[in-house]
Amino acid sequence: MDALELLKKKEFLGREFLTWLWFKIDSTGGEFLLPGGAMIRMWVGNRVMLVSDPDSVDASVVCWSEDAGLREARFALAEGKKIGEARLHYEADGEEWAFTLEAARLDLKSLKTPSTKREDGEDDAEPLALLLEKILLVQRAFNALDGLARLFINSRASERWADDEMPALTAWVAAGSRAKDVSGGVR
Amino acid sequence: MGILSSSSGYTRFRLSGEMPDAYEALFHLQIGRNAFDHSEGSTDKERIRGWVDPARPFDDSLDMDSVFVGDYIVLSMRVDKRTVPPRLLKHHAMLEEARARAESGRERLSRRERLELKELVKGRLLLRALPAINTYDMVWDIHKETVYFSSTAEKICDEFSGLFEETFGIPLVRRYTYDIFAEMSGGNSSALERMAPAQLI
């Protein structure tokens, strides 16, 4: 199998990763102890895009909600749609990051880092120091993503997946079908 | 959109080649060669690109002290794009054809002559067009051999990796989902290759 074929064939892992993340956030309160020892608290933002056919964005539906529960998206998941991308937030050491994570590439779209000194109004901050500070904040977001990816793929490759994780994940997805009549908008 | 914006998209690349020895002196030279050419402020090219200082994209000079920052190389790719409105091009091309017919005393021009005239007119109009200017930042973590680029658009990422390879002689590989999972699984790629989609409903 050539590299491009392999990338295409394994795109489902990104969609499963996003589903697993949401499931974990719901079932553990969003706290993740990342490899390396960092603790983060994550939550789903106000936008989730779901796709019927992973190869076609035409068949996508975007769920928005001020309500963090995004129940319409949960309902769509229970109906068999897959997560194409999701807005995620996390907090670490009292600071907040937000980004949109796309399943196919795991690029960080619209990454919002904690504000730097200049954004806080400290105009006298050294430009170089600001730049380095911002670079580190961006890298920390990628490090968190890598840590979560490691947790997921280790779980997915373990025997625990079939015995524990998969049944719990399937039950969580199915529970979304009972959530349609509650708030949450689709547009 | 860039590293100092409050919000920006980022793509990660990894290097697919070896760093040369004594890279700093070599890269100084190569960055200079591929710096944005400000003398092309008036040009008949539709698209020009090159490296600029992220904080000063309109400056002629590129200060290497702000490029080599600790363990990082920080640069912006500036892309200037000029366009000629199609109706304006058509109008001016027709005027030029009429002039050429009058000068030659012929009633008709060949297809090739008309195409050449159109290109000539387009070049003249491009010289008068103001460019749409965009800059995209890159941060290269030398030790991690990772490059962060402040756009997720496919076409811009391709243009960036082309400029990067032309400049540094090292190809870049865009990080995809599978590639990230392969690395995070500690090289357990055979387990990854066997994985089939989970049936969640």
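Residues numbered from 1 in each chain as written. Chains lettered and ligands numbered in written order. Predicted model: local features only at pLDDT ≥ 70, side-chain atom pairs only at ≥ 80, totals over all residues.

A word on the overall build of chain B
Selection rule: Numbering of helices and strands runs from the N terminus, with a helix taken as a DSSP run of H or I at least four residues long and a strand as a DSSP run of E at least two residues long. Taken over C-alpha atoms, the radius of gyration is set against a globule rule of 2.2 Å times the number of residues to the power 0.38. Think of it as a crowd count around each C-beta: if 20 or more other C-beta atoms lie within 10 Å the residue is buried, if 12 or fewer it is exposed, and in between it is partly exposed, with C-beta placed from the backbone throughout. In this description, a residue-residue contact is defined by the distance between C-beta atoms placed from the backbone, which must lie within 7 Å.
Broken down by element type, chain B carries seven helices and seven strands. From first element to last, N terminus to C terminus, chain B shows the α and β order β-α-β-α-β-β-α-α-β-β-α-β-α-α. Its C-alpha atoms give chain B a radius of gyration of 23 Å, more than 25% over the compact-globule value 17 Å for 201 residues. C-alpha atoms of chain B, sized along the principal axes, occupy 75 × 55 × 35 Å. When burial is assessed residue by residue, chain B has 24% of its 201 residues classed as buried. Of the contacts made within chain B by residues no fewer than 6 positions apart, 68% connect residues no fewer than 24 positions apart.

Examining the overall build of chain A
The helix and strand tally for chain A stands at five helices and seven strands. Going from N to C terminus, chain A has its helices and strands arranged as α-α-β-β-β-α-β-β-β-α-α-β. Looking at chain A residue by residue over its 187 residues, the buried ones come to 35%. The long-range fraction of contacts in chain A, counting pairs at least 24 apart against all pairs at least 6 apart in sequence, stands at 60%.

Concerning the nonpolar core
This is how it is decided: A set of buried Ala, Val, Leu, Ile, Met, Phe, Trp, Tyr and Cys residues, joined to one another through C-beta atoms within 7 Å, is what we call a nonpolar core.
Core analysis: the largest hydrophobic core is formed by 74 residues, its most contacted members being A:Val48, A:Leu50, A:Ala141, A:Ala149 and B:Met138. If one sorts the elements of this core by residue count, helix α4 (residues 127-156) of chain A sits on top with 11 residues.

Structural notes on the domain arrangement of chain B
For clarity, the threshold we go by: An automatic or database domain assignment supplies the start and end points of every domain.
Taken as a whole, chain B is organised into domain 1 (11-82 + 130-194) and domain 2 (86-127). Inter-centroid distance (C-alpha atoms) of domain 1 of chain B to domain 2 of chain B is 40 Å.

Side note on the interface of chain B and chain A
We apply this condition: Three classes are used, and their members are as follows: Ala, Val, Leu, Ile, Met, Phe, Trp, Tyr, Cys and Pro are nonpolar, Asp, Glu, Lys and Arg are charged, and the others, Gly among them, are polar. For two strands to pair, DSSP has to find at least two bridges joining them.
Chain B puts 31 residues into the contact, and the matching count from chain A is 42 residues. Of all the elements in the fold, those that place two or more residues in the side of chain B that touches chain A are β1 (7-15), β4 (72-81) and α6 (177-184) of chain B. A total of six residues in the side of chain B that touches chain A trace back to one element, the largest contributor, which is β1(B). A class-by-class count of the residues in the side of chain B that touches chain A yields 20 nonpolar, 10 polar and one charged. Across three bridges, strand β6 (residues 108-112) of chain A lies against β1(B) in antiparallel orientation. Bridge pairing links A:Leu108 to B:Tyr10 in β1(B).

Remarks on the pairing of strand β4 (residues 82-92) of chain A
All names here are of chain A. Both strand β2 (residues 39-51) and β4 contribute to a ladder of eight bridges, which runs antiparallel. Counted as the bridge partner of Val48 is Ala86 from β4. Counting the residues in the hairpin turn of β4 and strand β5 (residues 95-102) gives two residues, including Asp93, whose phi is positive at 50 degrees.

Observations regarding unusual backbone geometry
Positive phi outside glycine occurs at B:Ala22, with the angle close to 45 degrees. In this structure, B:Ala22 sits in the loop between β1 and α1 (23-33).

Considering the pairing of strand β6 (residues 146-149) of chain B
Residue and element names in this part refer to chain B. Pairing of β1 with β6 involves four bridges; the strand directions are antiparallel. Residue pairing for β6: Arg14 is matched across the bridge by Thr146. The hairpin turn running from strand β5 (residues 132-141) into β6, its antiparallel successor, is four residues long, and Glu145 in that turn takes a positive phi close to 50 degrees.

A closer look at the environment of A:Thr116
Residues and elements named next belong to chain A. Checked against the element boundaries, Thr116 lands in the loop between β6 and α4. Thr116 sits in the partly exposed class, given 19 other C-beta atoms within 10 Å. Measuring from C-alpha to C-alpha, the distance between Thr116 and Ala141 comes to 15 Å, with 25 residues separating the pair along the chain. Not counting the four nearest positions on each side in its chain, Thr116 is found in contact with Leu130, Glu133 and Lys134.

Remarks on helix α2 (residues 12-28) of chain A
Residue and element names in this part refer to chain A. Definition in use: A helix is expected to span 1.5 Å for every residue after the first.
Taking 1.5 Å of rise per residue, the 17 residues of α2 would be expected to cover 24 Å, and the 24 Å separating its terminal C-alpha atoms lies within 8% of that figure. For α2, the full list of buried residues reads Leu13, Gly14, Arg15, Glu16, Phe17, Leu18, Thr19, Trp20, Leu21, Trp22 and Lys24. Just downstream of α2 lies Gly29, where phi reads positive at about 80 degrees.

As for the packing of α4(A) against α6(B)
Quick note on the threshold: Only the contacting stretch of a helix is used when fitting its axis, a line to C-alpha atoms as for every element, and angles between N-to-C directions run 0 to 180 degrees. These descriptions rest on fixed angle ranges, namely under 35 degrees for roughly parallel, over 145 for roughly antiparallel, 65 to 115 for roughly perpendicular, and the rest for oblique.
Running from N to C, α4(A) and α6(B) cross one another at 75 degrees; their axes reach a closest spacing of 9 Å. Between α4(A) and α6(B), the crossing angle belongs to the class labelled roughly perpendicular. Each of A:Asp146, A:Ala149, A:Arg150 and A:Ile153 in α4(A) lies in contact with α6(B), whose residues at this interface are B:Ile180, B:Phe181 and B:Met184. Grouping the amino acids of the contact of α4(A) with α6(B) by side-chain chemistry returns five nonpolar, no polar and two charged.

Some words on the confidence of the model for chain B
Residue and element names in this part refer to chain B. To keep things clear, this is the line we draw: Across the chain, each position has a pLDDT score giving the predictor's confidence in that residue, from 0 to 100.
A residue-level look at chain B finds 98% of positions with pLDDT of 70 or above and a mean pLDDT of 90. The secondary-structure element of chain B with the lowest mean pLDDT is helix α7 (residues 189-194), recorded at 83, while helix α5 (residues 154-168) shows the highest, at 97. The ipTM assigned to the predicted complex is 0.84, against a pTM of 0.86.

Regarding helix α3 (residues 71-78) of chain A
Residue and element names in this part refer to chain A. Most of α3 is tucked away, with six of its eight residues classed as buried. The complete set of buried residues in α3 reads Glu72, Ala73, Arg74, Phe75, Ala76 and Leu77. Looking one or two residues beyond α3, the residue adopting positive phi is Gly80, at roughly 110 degrees.

Here's the deal with the environment of A:Phe99
As for its placement among the helices and strands, A:Phe99 is situated in strand β5. With near-sequence residues (within four places) excluded, A:Phe99 lies in contact with A:Leu88, A:Leu108, A:Lys109, A:Ser110, A:Leu111 and A:Ala141.

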